[in-house]
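Coordinate analysis (summary)
Here's the letter readout for the chains.
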Amino acid sequence: MAAPDEPELSQAQNEKLIHFQDLTGWESIDQCRRTLEQHNWNIEAAVQDRINEEEGVPRVFNPQPSRPLEVNTTDHRVYSYIVSRPQPRGLLGWSYYLIMLPFRFTYYTLLDIFRFALRFVRPNPRGRVTDPVGDVVSFIHSFEEKYGRSHPVFYQGAYSQALNDAKRELRYLLVYLHGDDHQDTDEFCRSTLCTEEVVTFVNTRMLFWACSTSKPEGYRVSQALRENTYPFLAMIMLKDRKMTVVGRLEGLIQPGDFVSQLTFIMDANETYLTSERLEREERSQTQALREQQDMAYRISLLADQEKDRKKREEEEQRRQEEEKVRQCALAEERRRRTLEEEKERKSECLPPEPLADDPESVKIVFKLPNDTRVERRFLFGQSLTVIYDFLFSLKESPEKFQIVTNFPRRVLPCLPTEEQPNPPTLKEAGLSRSEVLFVQDLTDD
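Everything numeric here is computed off the predicted structure, so don't read it as measured data.

Our focus in this paragraph is the overall build of the protein. A tally of regular secondary structure across the protein gives 11 helices and 10 strands. Considering only intrachain contacts with a sequence separation of at least 6, the fraction spanning at least 24 residues in the protein is 68%. Summing over all exposed atoms, the protein offers an accessible surface of approximately 27900 Å²; the carbon and sulfur share of this is 52%.

Quick look at the structure:
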């Protein structure tokens, strides 16, 4: 839906807008509309400009700089072919020519004076180029309306972009400046430019750019190429690494002469294009070789970096393992010291051993896991925890263990649990005055 301050679009414009959005994939309908308006609703020109933009070529409807176009027109080897107007024939022709001569002289003199004076009053509106692609597309439409669609393929873009494409593709660029008011323009377009011979020749051999000098873009190009008369054509190519005018055709030229003269210009300058192609190929090969060398260097550098990284990782891993071993040794040493201190504390807290003739005494022989035997007396009223603490305080006893009777085999509950926070006494555990108990190592468990 159009904005309130924008004119409504016709059905044909809406169809073009939707078609252009499908071709470009742009989501913004406003962007599509602005682009088509810049191209006077010419979908082909807008799509070509979009493709050129994706290829990195500057957009053709950007405002162009005011400086002269960078084309070498001072080469003294430029080939010029000028077709003079035919001289009058017979008495009638010369009479008409002599009668009209004063009028022509007066007309063109006054016209030149008027144009010269007008420059001081009002600057030439063609001096400012604001929409170069619009100027070109507008000329193409007016040309097709007047002369039909049977013509060489016009380059739908600005002159500067045509130069860039010709330079990049190493092709000839034929520039045609259309003088709307010149007396030979109409005959040249109908009898020469739109003939099948010329159309086939131009389409297969070169790029073709054209614009009317009444348009700002065409006027700017005419100021750069400095034509003398119309019809005017200039052949431009890359020569000595500069886009150079190598041929000029001026005047009403016939199709046969058109083809032969352009062929002569192309043959005379083909060696420059061939040389440039060879130089580009050599530069391309040199660049490819440099890229291969750079790639090999990067691969070698990455390999060295990978080796250094692995070496650092191995050193870091070795350092971590050594640190881990050291920490384990320190932890083991701390654990051993803590165990010794705990054994010593348990030994100091043990009650004294009762006498052998004490009627409440119990004689117990302990068989340790290392097959050593230890004997000690306890009291019936003492907790089984005392037995456990005694065994724990021995250097020969393991760090973790349990006390087991032989027959019947049962584990004595020497340590407090949630179900039995106070372990039973020796008497409650059913021990007799003389017992043999086994110490079972639980350290590995």
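More follows now that the structure is in view.
Quick look at the pairing of strand β8 (residues 401-405) now. Successive side chains on a regular strand alternate, one facing one side of the sheet and the next facing the other. Counting buried positions along β8 gives 4 out of 5 residues, so the element sits mostly inside the fold. Across 5 bridges, the pairing between β8 and strand β10 (residues 434-441) is antiparallel. From the neighbouring strand, T405 faces β10, where its bridge partner is L437. Examined bridge by bridge, β8 and strand β9 (residues 410-411) share 2 bridges and lie antiparallel to one another. By the bridge assignment for β9, V404 is matched with V411. Two successive antiparallel strands, β8 and β9, enclose a turn made up of 4 residues.

What follows is about the pattern of salt bridges. Scanning all chains against the criterion turns up 27 salt bridges. One salt bridge in this structure joins K346 and E342, with 4.0 Å as the shortest N-O distance. Taken together, the positions of K346 and E342, both in helix α10 (residues 255-349) and 4 residues apart, correspond to about one turn of that helix. The shortest N-O distance in the salt bridge between R377 and E353 comes to 3.9 Å. Taken together, the positions of R377 in strand β7 (residues 373-379) and E353 in the loop between α10 and β6 (361-367) put the pair 24 residues apart, joining distant regions of the chain. In this structure, a network of salt bridges that share partners links the residues R241, E276, E279, R280 and R283.

We now examine the side chain of E217. Inspection of the secondary structure assignment puts E217 in helix α9 (residues 216-225). At 3.0 Å, the side chain of E217 and the backbone nitrogen of Y159 are in polar contact.

With that settled, consider the packing of α10 against helix α11 (residues 384-393). Taken N-terminus to C-terminus, the directions of α10 and α11 make an angle of 135°; their axes are 8 Å apart at the nearest point. It follows from the interaxial angle that α10 and α11 lie oblique. The handedness of the crossing between α10 and α11 is left-handed. Mapping the contact onto sequence places L339, E342, K343, K346 and S347 in α10 and D389, F392 and S393 in α11. Looking at the contact of α10 with α11 residue by residue, the class counts come to 2 nonpolar, 2 polar and 4 charged.

With that settled, the discussion passes to the packing of helix α5 (residues 132-147) against helix α7 (residues 185-193). Closest axis-to-axis distance for the α5/α7 pair is 11 Å, and the angle between their directions is 75°. Between α5 and α7, the interaxial angle falls into the category roughly perpendicular. Contacts from F143, K146 and Y147 in α5 reach T185, D186, C189, R190 and L193 in α7.

This part covers the sheet that holds β7. As summarised here, the arrangement of the 5 strands in space is β7-β6-β10-β8-β9, forming an open sheet in which the pairing is mixed. The open sheet has two free edges, formed respectively by β7 and β9, since each of these has just one partner strand. Here α11 sits on the sheet and contacts β6, β7, β8 and β10; the angle it forms with β8, its principal contact strand, is near 125°.

This next bit is on unusual backbone geometry. A cis geometry characterises the amide bond from Y230 onward to P231, with omega recorded as -5°. Position of P231 relative to the elements: it lies in the loop between α9 and β4 (232-239). With an omega of -10°, the peptide bond between F407 and P408 qualifies as cis. Mapping P408 onto the fold places it in the loop between β8 and β9. Residue L170 is not a glycine yet carries a positive backbone phi of 55°.

For strand β5 (residues 242-250), the tally of buried residues reaches 8 of 9 residues, placing the bulk of the element in the interior. In this sheet, β5 lies alongside β4 in antiparallel orientation, the contact comprising 8 bridges. The residue bridging L233 from the neighbouring strand is L249, located in β5. Linking β4 to β5, which pair antiparallel, is a turn of 2 residues; within it D240 sits at a positive phi near 55°.

Criteria and thresholds
Residues numbered from 1 in each chain as written. Predicted model: local features only at pLDDT ≥ 70, side-chain atom pairs only at ≥ 80, totals over all residues. Heavy atoms only, no water. Helix = DSSP H or I, 4+ residues; strand = E, 2+ residues; numbered from the N terminus. Contact = heavy atoms within 4.5 Å. Areas by Shrake-Rupley, 256 points an atom, 1.4 Å probe, with all protein chains shown as cover. Buried < 20%, exposed > 50% of the residue type's maximum accessible area, 1.4 Å probe, protein only. Pairing = 2+ DSSP bridges. Salt bridge = Lys/Arg side-chain N within 4 Å of Asp/Glu carboxyl O. Polar contact = N/O pair within 3.5 Å; in protein donor to acceptor, adjacent residues only side chain to side chain. Axes fitted to C-alpha atoms, helices over the stretch in contact; angles between N-to-C directions. Parallel < 35°, antiparallel > 145°, perpendicular 65-115°, else oblique. Left-handed = near helix turned anticlockwise from the far one by under 90°. Nonpolar A, V, L, I, M, F, W, Y, C, P; charged D, E, K, R; others polar.

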